[in-house]
Amino acid sequence: MNTSPSMSELQRLQAGTHHDPFHFLGWHQQGSDWVLRVFMPSAESIDINQTPLQRLEGSDCFVFSPEASSELGKAAPFAHPILRYLDKKTGQYLETITPYTFEPQLGEIDLHLLGEGNHRQAWKVLGAHLKEINGVQGCLFAVWAPGVQRVSVVGNFNDWDGRRYPMRSRGETGIWELFIPGLPAGEGYKYEILTRFGSIIRKADPYAQQMFLRPETVACIPAISGHVWQDTAWIQQREQFDWLHQPMSVYELHAGSWKRHADNSFYTWRELADTLIPYVKNLGYTHLELLPISEHPLDQSWGYQVSGYYAPTARLGSPDDLRYFVDLCHQNNLGILLDWVPAHFPKDDFALARFTGEALYEHADPRKGEHQDWGTLIFDYGRNEVRNFLIANALYWMEEFHLDGLRVDAVASMLYLDYSRPAGEWIPNQYGGRENIEAVAFLRELNLVVHRQFPGVLTIAEESTTWPAVSRPIESGGLGFSMKWNMGWMNDSLSYIALDPIYRKYHQNKLTFSQMYAWTENFVLPLSHDEVVHMKRSMLGKMPGDYWQRFANLRLFYAWQYAHPGKKLLFMGGEFGQWLEWNEAVELDWGLLAFPAHQALGKLITDLNQVYRTNPALHQFDHDPRGFRWIDCDNAEQSLLSLVRYGNDQQPPLVIALNFTPVPRGGYRLGVPPAETYQEILNTDSEYYGGSNCGNAGQLAVQNHPCMGFEHSIELTLPPLAAVFLQAIPASPEPVANTEGDEEAQLLSKKPIREKN
């Protein structure tokens with residue numbers, strides 16, 4: 001009986017060029033008998049139950065032919081015998097089970113869904129997963145790598161020899177899989193790929209759920225999660241989250257540089273949970289927003305050049321450490337948003353770039369597949385498997401880590417084919433336009449799927465152009481995002497506040513222009529990390545004037561953010577007035593909290609959040625023109641602004657006046673909606689916040705004196721470089737007289753009536 005494969009197959013196996021190792025390795029029937037073929041370059045000899053295997057001459061292939069009457073012979077081809085081998089390197093006898101006795105593991109439905117781009121849980125199929133198959137423990141690997149000659153799993157467990165564990169090809173799907181018995185959690189691995197051009201490359205697993213700490217670029221077999229979630233109440237509440245009408249203030253942070261240990265090493269997620277959560281909760285924020293936490297090789301990229309989309313960075317601990325952090329946030333009524341990067345990825349040769357030796361995840365034409373400004377590659381959104389990779393990744397963070405939303409980075413770069421490209425260096429779409437139709441379709445599908453599968457989860461676009469209806473429903477022609485960053489408000493407001501007050505009267509429109517488009521989208525007002533780096537100066541550093549005036553200006557500016565319609569976002573360090581620009585390599589300047597002015601700024605943020613959360617007028621109609629009216633936006637000469645924020649008819653309005661000059665204004669008459677009195681509930685010039693304590697004690701009587709288009713007005717003092725928040729106090733019901741028997745006696749409750757715009 002000839003138990004050998006053909007010489008050409010044996011030569012290809014020995015050379016590591018065989019496309020289908022299962023064609024000859026493992027159990028194969030010859031006549032009425034079965035033979036087991038094993039390829040083990042590391043073995044000097046192999047035996048099964050002390051019966052030696054025959055080495056094929058001149059090769060590392062061994063053959064075993066059990067008698068048909070033996071127990072093993074009867075069990076073939078479903079048996080997985082233990083192989084005892086003499087290891088060439090150590091000279092010791094070791095045991096293993098060959099991967100080539102196992103049947104295919106990926107089902108036809110999974111393969112079909114992956115191929116059409118609709119596998120919503122692709123991470124449960126592709127990547128590395130600990131499994132038990134036929135009573136054998138091991139790890140199942142699966143990767144998408146079409147059009148190549150061979151894919152192998154390599155690691156320390158096989159001396160990084162790509163000939164030893166070549167994977168099974170699943171045909172035209174481009175999927176390769178292999179179950180390797182005995183591999184435990186924590187083992188490092190990569191894929192070795194023999195490209196169609198004949199070159200050999202090694203790649204990290206695109207679906208790896210854990211990586212080793214940089215500078216390593218090796219994926220890690222993840223342990224099965226042992227975390228028991230305790231946030232059921234939060235998740236149920238989130239499904240009913242009426243974010244349009246609820247307060248939402250976001251503390252944005254880079255988890256790797258919020259705090260560091262004395263030796264500058266990172267805090268873990270569990271250490272952050274102990275310190276960050278109570279800190280942010282005390283400030284009164286409703287949400288945390290994390291800069292990207294997917295694995296990335298370069299600290300200086302802040303996480304925006306992602307190499308491991310499914311792997312939480314090893315810098316901060318294990319995936320279960322992250323689960324613990326999110327869980328504890330939810331138990332403390334803090335939502336978690338994640339900065340997510342589907343617009344581009346780096347060119348690192350160990351990751352996604354030219355994954356099969358040629359463009360796969362990126363568009364092949366550099367005019368559509370490369371960002372010249374950023375030195376990164378652009379995903380091919382028209383390819384089913386690439387679109388599936390990204391959408392499943394978004395869902396992965398929701399399902400596996402219970403995150404509450406995604407801030408989608410660099411949306412503008414995705415929408416336009418000519419983004420940051422000179423004429424002649426971009427390709428128009430099929431209609432001759434500049435719109436990236438494939439990216440638009442991807443974004444709509446992303447939003448549709450995320451909102452359908454996870455009600456209450458938010459998607460927020462960082463989009464800086466005039467693209468219409470970014471945060472409008474897909475069915476009405478929008479992109480389907482929940483909200484959009486208001487980059488216009490941010491740029492104009494920061495430009496204005498940086499001016500010396502003497503020049504501000506010439507630029508009043510920078511504050512008022514936002515009302516020309518305020519209701520076209522559901523806006524977030526971002527004071528983000530991007531505004532405190534690259535020589536832009538810190539928030540406090542942007543402010544003009546002397547020491548006192550800088551703090552006063554910043555207090556005033558934060559009040560302007562909370563007065564203006566839209567959800568709120570502030571980057572870490574801004575809450576206590578960091579002087580230096582943000583540096584991702586070190587922690588924030590926490591020593592500044594030893595100084596009263598910096599402490600006081602944090603108190604203001606706490607109180608602004610409190611006023612914002614407890615007054616529906618400041619959030620109920622954040623995205624609705626019913627919630628806003630200018631009182632006076634034309635007093636450019638004195639650089640004054642005043643406005644009303646409205647809630648529903650049962651809620652008292654808030655009047656907010658802002659003085660952008662260092663000149664106090666006493667006896668200032670201000671038109672107001674009708675009420676009995678107004679009460680100052682927040683004054684950024686309070687000595688409690690480090691101000692001069694100029695303001696309005698007691699209640700301000702409403703006078704029947706028409707002013708600024710209102711039938712009523714008040715007189716108040718406007719502090720220098722400050723904002724005051726005034727709450728309407730409705731008229732008290734008149735006391736009921738003792739009119740027993742007098743049926744005509746009635747009492748009419750006096751309710752404040754909103755004046756028409």
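Residues numbered from 1 in each chain as written. Predicted model: local features only at pLDDT ≥ 70, side-chain atom pairs only at ≥ 80, totals over all residues. Heavy atoms only, no water.

A.B. asks: I would appreciate a short explanation of the overall build of the protein in the present structure.
C.D. replies: In terms of regular secondary structure, the protein is built from 16 helices and 36 strands. By principal-axis analysis of the C-alpha atoms, the protein measures approximately 115 × 70 × 55 Å. For the protein, with 757 residues in total, the buried portion stands at 59%. Intrachain contacts of the protein at a sequence separation of at least 6 include 71% that bridge at least 24 residues. Accessible surface computed for the protein: about 30,400 Å², of which carbon and sulfur atoms make up 50%. Seen as two clouds, the 61 positive and the 89 negative side-chain charges of the protein have centres 3 Å apart. (Helix = DSSP H or I, 4+ residues; strand = E, 2+ residues; numbered from the N terminus. Buried < 20%, exposed > 50% of the residue type's maximum accessible area, 1.4 Å probe, protein only. Contact = heavy atoms within 4.5 Å. Areas by Shrake-Rupley, 256 points an atom, 1.4 Å probe, with all protein chains shown as cover. Lys, Arg positive; Asp, Glu negative; His and termini not counted. Charge placed at Lys NZ, Arg CZ, Asp CG, Glu CD.)

A.B. asks: Quick question: what am I supposed to make of the packing of helix H11 (residues 487–497) against helix H15 (residues 547–563) here?
C.D. replies: The angle between the axes and the distance between the axes are what describe a pair of packed helices. Where H11 meets H15, the closest approach of the two axes is 11 Å, and the angle between their N-to-C directions is 155°. On the basis of the axis angle, H11 is roughly antiparallel to H15. As H11 runs across H15, the sense of the crossing is right-handed. Here Trp489, Ser493, Leu494 and Ile497 of H11 come into contact with H15, specifically with Asn553, Phe557, Trp560 and Gln561. (Axes fitted to C-alpha atoms, helices over the stretch in contact; angles between N-to-C directions. Parallel < 35°, antiparallel > 145°, perpendicular 65-115°, else oblique. Left-handed = near helix turned anticlockwise from the far one by under 90°.)

A.B. asks: In this structure, what is going on with the pairing of strand E7 (residues 83–87)? I would like to understand it.
C.D. replies: On a regular strand, one side chain projects to one face of the sheet and the next to the other, so that they alternate. Burial of E7 is extensive: four of the five residues sit out of reach of the surface. As paired strands, strand E3 (residues 43–48) and E7 are joined by four bridges and run antiparallel to one another. Each residue of the ladder has a partner; that of Ala43, found in E7, is Asp87. Relative to strand E8 (residues 93–96), E7 is paired through four bridges, and the arrangement is antiparallel. What sits directly across from Arg84, in E8, is Glu95. Linking two consecutive strands that pair antiparallel, namely E7 and E8, is a turn of five residues; a positive phi of about 75° is found at Gly91 within it. (Pairing = 2+ DSSP bridges.)

A.B. asks: Before we go on, may I ask you to explain the nonpolar core in this structure?
C.D. replies: Soluble, globular proteins show a tendency: their nonpolar side chains are buried together. Core analysis: the biggest nonpolar cluster contains 196 residues, and Phe141, Phe325, Tyr361 and Phe725 have the highest contact counts within it. When residues in this core are grouped by element, the largest group, 11 residues, is from helix H8 (residues 384–401). In this structure, Tyr361 is in contact with Trp144, Pro206, Tyr207, Phe345, Leu352, Phe355, Ile378, Phe379, Asp380, Val386 and Phe389, ignoring residues within four places of it in sequence. The next biggest cluster of nonpolar side chains, apart from the first, holds 20 residues, and it includes Val644, Tyr646, Val655 and Ala728. (Core = buried A, V, L, I, M, F, W, Y, C linked by side-chain atoms within 4.5 Å.)

A.B. asks: Got a minute to help me understand a nonpolar patch on the surface in this structure?
C.D. replies: A contiguous nonpolar surface patch, about 420 Å² in accessible area, is contributed by Tyr547, Trp579, Leu580 and Phe595. Mapping Phe595 onto the fold places it in the loop between strand E28 (567–571) and helix H16 (596–614). Of the residues examined, Phe595 reaches a relative accessible area of 45% and is grouped as partly exposed. (Patch = residues over 30% accessible without salt bridge, like charges linked within 9 Å, V, L, I, M, F, W, Y side chains within 5 Å. Salt bridge = Lys/Arg side-chain N within 4 Å of Asp/Glu carboxyl O.)

A.B. asks: Please clarify how the pattern of salt bridges should be interpreted in this entry.
C.D. replies: Oppositely charged side chains can pair when the atoms bearing their charge come close. The full count for this structure, using the stated rule, is 35 salt bridges. One salt bridge connects Arg407 with Asp339, and the closest N-O pair in it is separated by 2.7 Å. Of this pair, Arg407 sits in strand E24 (residues 405–408) while Asp339 is found in strand E21 (residues 335–340), placing the two residues 68 residues apart along the sequence. Judged by relative accessible area, which is 2%, Asp339 ranks as buried.

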